[in-house]
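Below are the chains, spelled out letter by letter.
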Amino acid sequence: MKIVDVNVYMHYSVWRNIIFVKIDTDEGITGIGEATIRNKEMAVKAAILEHIKPVLIGTSPFDIEKFFQKTFIKDAWRNGAVFNSAISGVEMAMWDIVGQKLGVPVYNLLGGKLRDEIPLYANTWFMNAHSVDEYAEAAIKTVQMGFKALKWDPFKAFSSWRNENDKVDKGIECLKAVREAVGDDIDLFLELHGSLTYDGALRYALKSEKYNPGFLEEPMHPDNFTGYRKLSIKSNVPIAAGERYFTRFQHKALNEEGFYSIVQPDLSHCGGILETRKMASNAEVYGLLFAPHNSGGPVGTMASVMVDLLSENFFYQEFSVENFDLSKKFFKKGLNIKDGKIIVDDNSTGLGLIPNWKEIEKENYCYKQTY
């Protein structure tokens, strides 16, 4: 079996552009991957079509490790969100082809599953909320959909603040409102988008404790290692990070710092399925929980699930609620979700999705800048 063609299709959805990768083979088997990234979509598309496609044509989709070695390990100018996302999307599609060819789901090619269902925490459920009360209402509606966990940026409930202390206090107000709305049985996770100084992050961590959040994600800039080391000593709320660090090599440095409890690689950016499998195993050695970041679409979600299923240290899988609509629109067989969990099918092959390529190709190039 040889790869004969590679294509990229882009679709705007809510707040970023979904990037689907299509790989065709000479045996008629087609694989799908996802390289979704915000605001650098055209660069990722060019990286795939102009730099990776020429390398792939005529090669075997089974040569996944060789592909990663050639495009990352042996590339003198490796790393960076754009090219790593391009590699990731292509790598997912190669696994999808291999699974289809062998008639098995990808997780059975990686060691077999430890669980049959994957708990999700909902994100993007608050996109239309503009006040604390609206956040609380949206949270209730999301829990009613079956989700047992929610994540959001509490600062987005406010358009402005006087200073960082005011920002922190308003963010706590939003957390308080959501906690009171959904009760104590729902896990709440906070995404702070690296927006606080050390002092602000510590203030938020200490004030948030009584509302029992499950983690604080990127409370400070991801490169502020000194701040994170100090914060981890003083905060009783677990710290999560890792979405903006790529491959096992960068995550090794994060793991050795010892300041966070939950590792969050993003399969659409960090090298793909096999690389993330290696990263999850490495995190396990350090006693860290594994909760893949996922702000992408159904393909990125299912690629994450392939690793979640067989990772002993798996914690939660991030899920954008807009994927319900994306799954229905672009897939003949899409995501199987019940009570806030993805249920896997051992009779599926590859990533377990059946794309509606006619629909995907029809809406191509729906580009929108989202800065």
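Attention in this report is confined to the structure presented alongside it. (Residues numbered from 1 in each chain as written. Predicted model: local features only at pLDDT ≥ 70, side-chain atom pairs only at ≥ 80, totals over all residues. Heavy atoms only, no water.)

Examining helix α8 (residues 225-234)
Residues three or four positions apart in an α-helix share a direction because the helix packs 3.6 residues into each turn.
No. 1: Along α8, the residues classified as buried are F225, G227, Y228 and L231. Projected down its long axis, α8 shows its buried positions confined to an angular sector of 150°, all on one face.
No. 2: Against α7 (198-208), β8 (239-241) and α9 (247-257) lie the buried residues of α8. (Buried < 20%, exposed > 50% of the residue type's maximum accessible area, 1.4 Å probe, protein only. Helix = DSSP H or I, 4+ residues; strand = E, 2+ residues; numbered from the N terminus. Arc of directions from axis to C-beta. Contact = heavy atoms within 4.5 Å.)

What about unusual backbone geometry?
Residues other than glycine predominantly adopt negative phi, and peptide bonds predominantly adopt the trans conformation.
No. 1: At N212, a residue that is not glycine, the phi angle is positive and equals roughly 55°.
No. 2: Inspection of the secondary structure assignment puts N212 in the loop between α7 and β7 (215-217).
No. 3: What makes N212 exposed here is its relative accessible area of 55%.
No. 4: For D339, which is not glycine, the phi torsion reads 55° and is therefore positive.
No. 5: Looking at where D339 falls in the secondary structure, it is placed in the loop between β13 (337-338) and β14 (341-343).
No. 6: Judged by its relative accessible area of 48%, D339 is partly exposed.

Points about the packing of aromatic side chains
No. 1: Inspection of the entire model under this criterion finds 25 aromatic pairs.
No. 2: Relative to F331, the ring of F20 lies with its centre 5.9 Å away and its plane at 80°, an arrangement referred to as edge-to-face. On the criterion of sequence distance, the pair formed by F20 in strand β2 (residues 16-25) and F331 in strand β12 (residues 331-333) is long-range, its members being 311 residues apart.
No. 3: When its relative accessible area of 6% is taken as the criterion, F331 is described as buried.
No. 4: Ring centres of Y228 and F259 lie 4.9 Å apart, and the angle between their planes is 20°; on these two criteria the pair is classed as stacked. (Phe/Tyr/Trp six-rings, centres within 6.5 Å; stacked < 30°, edge-to-face > 60°.)

Remember, this is a structural readout, not a statement about activity or role.
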